[in-house]
Amino acid sequence: MPNPRQAFDNHRAGTHLRSVPNLGQDDPPYERTAANELPPMMFQVRLVDGQRFSFCYSDVRQIYRRDAGRVRIDLHALAHTTIVIEGRNLDELVHCLGMSVVKWMRELDPRAAQSKDDQPEITSISVTTEAG
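Quick notes on the rules
Residues numbered from 1 in each chain as written. Predicted model: local features only at pLDDT ≥ 70, side-chain atom pairs only at ≥ 80, totals over all residues. Heavy atoms only, no water. Helix = DSSP H or I, 4+ residues; strand = E, 2+ residues; numbered from the N terminus. Buried < 20%, exposed > 50% of the residue type's maximum accessible area, 1.4 Å probe, protein only. Contact = heavy atoms within 4.5 Å. Pairing = 2+ DSSP bridges. Axes fitted to C-alpha atoms, helices over the stretch in contact; angles between N-to-C directions. Arc of directions from axis to C-beta.

1. Considering the side chain of Thr33
Right, so step 1: Residue placement: Thr33 occurs in the loop between strand 1 (30-32) and strand 2 (42-46).
Right, so step 2: By relative accessible area, which is 9% here, Thr33 ends up buried.
Right, so step 3: Look past the residues within four positions of Thr33 in its chain and what remains in contact with it is Leu38, Pro40, Val101 and Lys103.

Below, the structure written as structure tokens:
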């Protein structure tokens, strides 16, 4: 290479630099269908460790909200499955689950900044399946 400095200068700027990806601060904790969409047949649970579970709305037997920060969903298919969602301001999520319009829901990345106090936030989701 005749001129190393010129090669470095050519690759220092431009489209080669990429920003750090968004850690989820601006993303909603769940997505619902649009007004003109049909309700989905399944909803997806996305855990912070990368696991994804999909469940049929037809298997949902009970949605129990103890308070605005804890929701339990009981599903009965081949095995009894319980999904426990903990967070803040989850009333709208419960309403949307009851209408079968939630496409997916996800846990908040622990590295992400806290959202506003009046915004919904899912801090943890646990999925438990009982054999039998």
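Structure's up, so let's keep going.
2. Quick notes on the sheet that holds strand 5 (residues 70-76)
Right, so step 1: The antiparallel open sheet is built from four strands, whose spatial order is 4-5-6-8. Of all strands in the sheet, those bounded by a partner on one side alone are strand 4 (60-67) and strand 8 (121-130). When the angles between neighbouring strand axes are averaged without regard to direction, this sheet yields 15 degrees.
Right, so step 2: Pairing geometry for strand 5 and strand 6 (residues 80-88), over seven bridges, is antiparallel. Looking at the pairing, Arg70 lines up with Glu86 of strand 6.
Right, so step 3: Against the sheet, helix 2 (residues 91-98) touches strand 4, strand 5, strand 6 and strand 8, its axis set at about 165 degrees to strand 4.

3. Notes on the pairing of strand 4
Right, so step 1: Two strands pair when backbone bridges link them, and strand 4 and strand 5 are joined in this way by six bridges, in the antiparallel orientation. For Ile63, the partnering residue across the bridge sits in strand 5 and is Ile73.
Right, so step 2: The turn joining strand 4 and strand 5, which pair antiparallel and follow one another in sequence, is formed by two residues.

4. Observations concerning helix 2
Right, so step 1: Considered for burial, the residues of helix 2 that qualify are Leu93, Val94, Cys96 and Leu97. Along the long axis of helix 2, the arc covered by the buried residues comes to 165 degrees, so they all point the same way.
Right, so step 2: On the buried face of helix 2, the contacting elements are strand 1, strand 4, strand 5, strand 6, strand 7 (102-106) and strand 8.
Right, so step 3: One or two residues past the end of helix 2 sits Ser100, with phi positive at roughly 60 degrees.

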